[in-house]
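If you want the building blocks of each chain, they are given just below.
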Amino acid sequence: MSLTIYLYFNGNCREVFEFYRSIFGGEFEMISTFREGPEDMPLPEDVLNQVMHVSYPIGSSVLMGSDMPSEFGPTPVQGSNFSISYTSSSREEADELFAKLSDGGTVTMPMEDQFWGAYFGSCIDKFGISWQLNTEH
Amino acid sequence: MNIYLFFNGNCREVFEFYRSVFGGDFAFVTTFREGPGDMDVTEEELDNIMHISFPLGSGYLMGSDVPASFRPPPVVGDNFSISIEPTSVGETEEQFAKLSEGGNVITPLEKQFWGAYHGSCIDKFGISWQFNYSSQE
């Protein structure tokens, strides 16, 4: 059984995932737009180029996402009840990822050694998604 | 990469619910009582969850409560969901039924155009889930 985080956006899904790809590297495993969906999808022309599904491997797992056209339901509401937790292989990598992820966003806890034995920091990126970076040492 | 959920005092109850759905055991659970003595936590918050880690399929579902002194209470958003890829139709149906009990089914389990048996729900604690079983048939 696999476990994945799925994020919903209001039209900027591709931009967000391109931002993440510029940080973590690699390639999208799959990306498709509503234009490639079933022809009976009742969507206006400008929505057809939005992301229907993107699947992006990061480390040993996969981050997925899509846009959420208003034809499907209410606009996604940004909460503050989750974050994506990423474990880095080194302090240097954690520092570099953290700097890039928080660029234009908000640092909620700077990278520091924590009482539980990890080098840890948290931030909210410029698209409002919350991240935690953790390095075991 | 794992998903980290924040709660306003009921983290243990939520994770016990998930354990009753998916089975298995917590890898780690600790309360603020076990944290460093200088934490700004009230007497009532000492038995709240400081960190919990629950192995779920290929990843970990993690979470904690958020003490009032740390930051404003977590707001439940709807811009993400936890996506599960079960290993059989039977498992999919059983877990989906249990997880949506007391919550809301958003899209019932059905064969979808991308070839998977798929359903989504919001559990009774406000967390969104997707089940996506890709049959090998």
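The rules behind the values
Residues numbered from 1 in each chain as written. Chains lettered and ligands numbered in written order. Predicted model: local features only at pLDDT ≥ 70, side-chain atom pairs only at ≥ 80, totals over all residues. Contact = placed C-beta atoms within 7 Å. Helix = DSSP H or I, 4+ residues; strand = E, 2+ residues; numbered from the N terminus. Nonpolar A, V, L, I, M, F, W, Y, C, P; charged D, E, K, R; others polar. Pairing = 2+ DSSP bridges. Buried ≥ 20, exposed ≤ 12 C-beta atoms within 10 Å, placed from the backbone.

### Focus: the interface of chain A and chain B
Listed as interface residues are 27 residues of chain A and, on the opposing side, 28 residues of chain B. Sorting the residues of the side of chain A that touches chain B by element identifies strand E1 (2-9), strand E4 (61-67) and strand E5 (82-88) of chain A as the ones contributing at least two each. Among the elements that make up the side of chain A that touches chain B, the one with the highest residue count is E1(A) (7 residues). Among the residues forming the side of chain A that touches chain B, the class breakdown is 16 nonpolar, 11 polar and no charged. Sheet topology note: the E5(A)/strand E1 (residues 2-7) of chain B ladder contains 4 bridges and is antiparallel. If you follow Ser83(A) over to E1(B), its bridge partner there is Tyr4(B).

### Focus: the pairing of E1(B)
All names here are of chain B. In terms of burial, E1 is a largely internal element, 6 of the 6 residues being buried. Residues Asn2, Tyr4 and Phe6 line one face of E1 and the alternating positions Ile3, Leu5 and Phe7 line the opposite face, and both faces are buried. In terms of strand pairing, E1 meets strand E4 (residues 59-65) through 5 bridges, oriented parallel. Paired with Ile3 across the bridge in E4 is Leu61.

### A short note on the environment of Cys123(A)
Residues and elements named next belong to chain A. Looking at the element boundaries, Cys123 is found in strand E7 (residues 118-124). Cys123 gets classed as buried once you count the C-beta atoms within 10 Å, which come to 24. The spatial distance from the C-alpha of Cys123 to the C-alpha of Phe9 is 19 Å, given a sequence separation of 114 residues. Contact partners of Cys123, with chain neighbours within four places excluded, come to Phe98, Leu101, Ser102, Gly105, Thr106, Val107, Thr108 and Trp131.

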